[in-house]
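Residue-level structure breakdown
Below are the chains, spelled out letter by letter.
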Amino acid sequence: VIVYESDSAGFSEIFLECPYDFCTPLRLSYSSGFCTMPAIVVDDSGGVHVVWQYNLLGNSEIYYYYSSSYCVPGTSINLSHSSMIYDTYPTISIFNGQQVHVLWRSEDPPCETPYSIRHAYLSDRIWSAHEAIAYDWMHLDHPSLDYCHGEDSLSACWENRGDAFFYGGNGGGDSTTGFSGYPVVSTVGLTWSYLYWEDNSDDREDIMAQNYYDGLSPHHWTSYKFRDVYDDVEVHYPSVSNCCVIWTQGSDAPYEVRFRYEEYPTAVEEFQVQPTEYSITAYPNPFNHATTITFEFNNPAYLQIYSSPRITMLADWQVKIYDLAGHIISEFHGNLHPSNHNLPNHEEILWAPEPTVPTGIYIIRADFGDIQLSKRVIFAK
């Protein structure tokens, strides 16, 4: 599901659509000014939450829209209600279960500290009062919430006096000698973080990457610059979710949009090549309550005819679930109980994490004697 800005009768309006569906795009705004800078997040039930900037003569305001589905009309409200203040650059995400959080930049010229980063959240259908989580007499710009859905506290970033500033999460964001802007962040609990921002400290337009993993010892952070790793051309406007990052590349039109899967390190051995006669799956994945782990024996006849000694080894099995630091979160044990020299075709395990288990990526490892299988799953509360 995507949101975008498009012209309608000479005004700039916000539209919502699903590229994989043939539904007519939904028009979300009906303005006498210009609506820009849309941002979107979708909750676990498929509800769509959108914010945008509504520009009028003398001020700009932040609007919020909700619908239970991308193809069902919803309702919008004025979230900032600031007739004399310039509210810009909204960003939206979900934290603390199903709380919808919005951040935006606010400028109130008469104040001694005119620039601030404002915050509000929706919980149990009620919006909180606005609060300033940062304010300054110099520019604060381009706030961005963690698009990966945070855990127990806000994870965000913004420009602070020409530096990329990271708030909450696992921290990070070292100052550089040049201008740093358009920061973005993606974290999962306390395990890993991916930070990116524009940086020109080497007298060239570049993107700084800073990655965090709590299983990396003794230093948790690693850094690099895009132009040292990818093509040595101008790069701009990074965006990240999980460990997937995109950016704009090139100094002249037509520009390219590049994608990179950065991967996430783990402290658990994973088996990338799985035996073809066995398989392991987890559904749903991602999940927010429970997932069913299924390991199948795709060819029991193969076991009986060609590998009959393995039947004894396969009789006992164990499944362990690890976090990315290598800690065991849950484990299960069982027996396949072969009957008349025939093995069952599959086994199922229901994993419902304890309430204390945080949002994150987990590795399921199944062992059957000398056979090992592994599967990654995402648990998002």
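All of these numbers come straight from a predicted model, not from anything done at the bench.

The rules we used
- Residues numbered from 1 in each chain as written.
- Predicted model: local features only at pLDDT ≥ 70, side-chain atom pairs only at ≥ 80, totals over all residues.
- Heavy atoms only, no water.
- Phe/Tyr/Trp six-rings, centres within 6.5 Å; stacked < 30°, edge-to-face > 60°.
- Buried < 20%, exposed > 50% of the residue type's maximum accessible area, 1.4 Å probe, protein only.
- Patch = residues over 30% accessible without salt bridge, like charges linked within 9 Å, V, L, I, M, F, W, Y side chains within 5 Å.
- Areas by Shrake-Rupley, 256 points an atom, 1.4 Å probe, with all protein chains shown as cover.
- Salt bridge = Lys/Arg side-chain N within 4 Å of Asp/Glu carboxyl O.
- Helix = DSSP H or I, 4+ residues; strand = E, 2+ residues; numbered from the N terminus.
- pLDDT = per-residue confidence, 0-100.
- Contact = heavy atoms within 4.5 Å.
- Pairing = 2+ DSSP bridges.
- Axes fitted to C-alpha atoms, helices over the stretch in contact; angles between N-to-C directions.
- Polar contact = N/O pair within 3.5 Å; in protein donor to acceptor, adjacent residues only side chain to side chain.
- Core = buried A, V, L, I, M, F, W, Y, C linked by side-chain atoms within 4.5 Å.

On to the packing of aromatic side chains, then. According to the stated counting rule, one finds 20 aromatic pairs in the structure shown. Ring plane angle 55° and centroid distance 5.0 Å describe the contact between Tyr 212 and Trp 221, whose orientation is recorded as tilted. Since its relative accessible area comes to 28%, Trp 221 is described here as partly exposed. Between the aromatic rings of Tyr 224 and Tyr 230, the centroid separation amounts to 6.4 Å while the plane-to-plane angle is 80°, which identifies the pairing as edge-to-face.

On the surface, Ile 246, Val 257, Phe 259 and Tyr 261 cluster together into a nonpolar patch covering about 410 Å² of accessible area. At 3 residues, strand E22 (residues 256-261) tops the list of elements feeding residues into the nonpolar patch. Among the secondary structure elements, Val 257 is positioned in strand E22.

This paragraph deals with the confidence of the model for the protein chain. Keep in mind that low pLDDT regions are not for reading the predicted coordinates in detail. Per-residue pLDDT for the protein chain averages 83, and the proportion of residues at 70 or more is 86%. Considering only residues more than four positions removed or in separate chains, one finds that residues 301-314, a stretch of pLDDT under 50, has 25 contacts.

Attention now moves to the sheet that holds strand E13 (residues 140-145). Overall, antiparallel pairing links the 3 strands, which are arranged E13-E14-E15 in an open sheet. Both edges of this open sheet fall to E13 and strand E15 (163-168), since each of them pairs with a single strand only. Averaged over all pairs of adjacent strands, the angle between their axes in this sheet comes to 20°, without regard to strand direction. In terms of strand pairing, E13 meets strand E14 (residues 155-160) through 4 bridges, oriented antiparallel. Bridging across to E14, Asp 141 finds its partner in Glu 159.

Turning next to the pairing of E14. Most of E14 sits out of view: 5 of its 6 residues are buried. As paired elements, E14 and E15 share 6 bridges and run antiparallel to each other. Looking across to E15, one finds that Ser 155 is bridged to Gly 168. Here E14 hands over to E15 after 2 residues, with Arg 161 in that stretch at a positive phi of 55°.

So, on to the environment of Asp 252. Following the sequence through the fold, Asp 252 ends up in the loop between strand E21 (244-249) and E22. A relative accessible area of 57% means that Asp 252 is categorised as exposed. Sequence separation between Asp 252 and Glu 234 is 18 residues; the distance between their C-alpha atoms is 9.2 Å. There is a polar contact of 3.4 Å between the side chain of Asp 252 and the side chain of Ser 251.

By size, the foremost hydrophobic cluster in this structure holds 20 residues, and its most contacted members are Phe 295 and Ile 364. Taken together, the elements giving at least two residues each to this core come down to strand E23 (278-283), strand E24 (291-297), strand E25 (316-323), strand E27 (346-351), strand E28 (360-368) and strand E29 (371-379). Counting 19 residues, the second largest nonpolar core, distinct from the first, contains Tyr 213, Tyr 224, Val 235 and Tyr 264.

Attention now goes to the sheet that holds E22. Backbone-to-backbone hydrogen bonds pair the strands of a sheet. The strands run either parallel or antiparallel. Strand order in this open sheet of 3 strands is E20-E21-E22, and the pairing throughout is antiparallel. Edge positions in the open sheet fall to strand E20 (235-241) and E22, since each of these has one partner strand only. Strand-to-strand twist in this sheet, taken as the mean axis angle between neighbours without regard to direction, amounts to 20°. With 5 bridges connecting them, E20 and E21 associate as antiparallel partners. Among the inter-strand pairings, Ser 239 is bridged to a residue of E21, identified as Ile 246.

Cis geometry is adopted by the peptide bond preceding Pro 254, which originates at Ala 253 and carries an omega value of 0°. If you trace the backbone, Pro 254 turns up in the loop between E21 and E22. With an omega of -5°, the peptide bond between Tyr 283 and Pro 284 qualifies as cis. In this structure, Pro 284 sits in the loop between E23 and E24. Residues other than glycine seldom take positive phi values, yet Tyr 182 does so here, at roughly 50°. With respect to the secondary-structure elements, Tyr 182 resides in strand E16 (residues 180-188). Exposure remark for Tyr 182: the relative accessible area of 29% places this residue in the partly exposed category.

By the secondary structure assignment, Ser 193 is in strand E17 (residues 192-199). For Ser 193, the residues in contact, after removing those within four places along its chain, are Asn 170, Ser 186, Thr 187, Gln 210, Asn 211, Tyr 212 and Trp 221.

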